[in-house]
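Structure at a glance
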Amino acid sequence: MRVIICGAGQVGFGIAERLASEGNDVSVIDTSEQLIERVRDTLDVRGIVGHGSHPDVLAAAGADQAEMIIAVTLYDEVNMTACQVAHSLFDVPTKIARVRAQSYLGAHFGDLFSRDHLPIDVVISPEKEVGQVVLKRIALPGATDVVQFADDHVTMMAIECSEDCPVVNTPLSQLTDLFPDLNATVVGVWRNEKLFVPHSADQLLTDDLVYVISHRDQVRRTLSLFGHEETEARRIVIAGGGNIGHFVATELEREGARTNVKIIEHNRERAIRVADTLRRTIVLHGSALDQQILHEADIQDAELMVSLTNDDQVNVLSAVMAKKLGCDATMSLINDLGYQSFTATLGIDAHINPRAVTISRVLQHMRRGRIRQVHSVQKGQAEVLEAEALETSPLVGPPLRELDLPEDIRIGAIYRNGEVVRPDGETRIKAHDRVVIFAKTSAVKQVEQLFRVSLQFF
């Protein structure tokens, strides 16, 4: 696929890196010569210095032959204009734009991004998407990653196996025998810096990070089975009153009065604006690195500190300080991959990579076949995909044990007529089933082929 990416920042670079590694023909546009030089030196892509919304620059990037444009510059207006120009002058079929300003995204302006107005096929709001990830992590404190599929009926969780995990050293086949009514399937394991799809005879070990796909009603029970019975935090301190912090606090207020939330915001004007829009949340003006401010926020009594500023260093250090001052658990927003590798050694309980969230949304529209949703895990080493099985799919009909499926994929759940089916060897996939699959990156193309529209692809 020929793709143009406008913006060579962290998000644009990450998308280009992933798409280029999969053999796509990628061109990256940015006004910064330094960023384009980095792209040229590091990735197998074309780098073009220029303005992503200018027709001549898009033409130089090959817009007349492009199948997709992904506009992720720092400026909403540039992203929207780039999509408009790509549509009007070059007839690019798929247009994706990152839009950060919430004023563009109001429900009463729902038809703004339509073909007759601003022809953008996919609008990505990173602040809202990341905020939703934070909320899911707050709701399920025992999981280090949470994503929902099949209209929220199926949940994928990443769960750490601690020393007191009850299922350590137990073959996976025995778990099925011990808990026959548990609608949950172990689909992936991260062990010693390696990711693999386990077999029924494999055992889980201490310090494994396990990927489990389950029915949404079985999430709490599954976490308990793995030794995680942490309760949802009710006393929360948020560092950063930007778009993400404000979104999280707003949603927590909507959920009810049980949660006590305090926000620390270093910009006085922003702090005032946020305080004016929230009803029960206390907003403190100051630095999240100031111990006095942390004490004013009652950090020593907090159950969770969520660091959501625009500065990775502030997010890391404020989480460390909060833990030292008595906060029970911490979660940090971290963009830099270099910081993510040592968060656990610093005592940070969980981190969120906003770039990974955006890349997952883009991959959803890159995948061929009836792929409805994609979530990338372990820095792109695997994906969890939801796909619709068609009549022509080789998956439809035979029992799963008779299918010659690749070693590096595992079917985790099947959503059929409002019910979630836990797959086993005798399960038969039917046409129009929505199948949730864990696949290592090397097997993703094979998964796409399984869900292509016509038999001619097999």
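Residues numbered from 1 in each chain as written. Predicted model: local features only at pLDDT ≥ 70, side-chain atom pairs only at ≥ 80, totals over all residues. Heavy atoms only, no water.

So, about the side chain of arginine 416. In this fold, arginine 416 is placed in strand 20 (residues 409-416). The class for arginine 416 is buried, based on a relative accessible area of 18%. Within the local environment of arginine 416, its side chain forms a polar contact with the backbone oxygen of arginine 428, the two atoms lying 2.9 Å apart. A distance of 2.7 Å separates polar atoms of two side chains, one belonging to arginine 416 and the other to aspartate 433. When residues no more than four places from it in sequence are discounted, the contact partners of arginine 416 are Val421, Arg428, Ile429, Lys430 and Asp433. (Helix = DSSP H or I, 4+ residues; strand = E, 2+ residues; numbered from the N terminus. Buried < 20%, exposed > 50% of the residue type's maximum accessible area, 1.4 Å probe, protein only. Polar contact = N/O pair within 3.5 Å; in protein donor to acceptor, adjacent residues only side chain to side chain. Contact = heavy atoms within 4.5 Å.)

Per the UniProt record, the feature "domain: RCK C-terminal" (unreviewed entry) sits at residues 144-228 and 372-453. Helix makes up 16% of residues 144-228 and strand 36%, and the two end C-alpha atoms of the span are 11 Å apart. (UniProt positions renumbered as here; feature names shortened; annotations may be inferred.)

It is worth spelling out the packing of helix 1 (residues 10-21) against helix 13 (residues 354-366) at this point. It is the contact of helix 1 with helix 13, at a shortest axis distance of 10 Å, that shows an interaxial angle of 45°. The pairing of helix 1 with helix 13 is recorded here as oblique in orientation. In the packing of helix 1 onto helix 13, the handedness of the crossing is right-handed. Contacts between helix 1 and helix 13 involve Gln10, Val11, Phe13, Gly14, Ile15, Arg18 and Leu19 from the first element and Arg355, Thr358, Ile359, Val362, Leu363 and Met366 from the second. The residue makeup of the contact of helix 1 with helix 13, split by class, is eight nonpolar, three polar and two charged. (Axes fitted to C-alpha atoms, helices over the stretch in contact; angles between N-to-C directions. Parallel < 35°, antiparallel > 145°, perpendicular 65-115°, else oblique. Left-handed = near helix turned anticlockwise from the far one by under 90°. Nonpolar A, V, L, I, M, F, W, Y, C, P; charged D, E, K, R; others polar.)

Let us look at the nonpolar core. Ranked by size, the top nonpolar core spans 45 residues in total, and within it Ile5, Ile15, Leu19, Val28, Ile70 and Phe451 carry the most contacts. In terms of residue count, the dominant contributor to this core is helix 1 (six residues). Of the residues that make up this core, three or more belong to each of domain 1 (2-124) and domain 3 (365-457). Setting aside residues up to four positions removed in sequence, leucine 19 forms contacts with Val3, Ile5, Asn24, Val26, Ile70, Leu363 and Met366. With 27 residues, the next largest nonpolar core counts Leu135, Ala249, Val283 and Ile352 among its residues. (Core = buried A, V, L, I, M, F, W, Y, C linked by side-chain atoms within 4.5 Å. Domains from an automatic or database assignment.)

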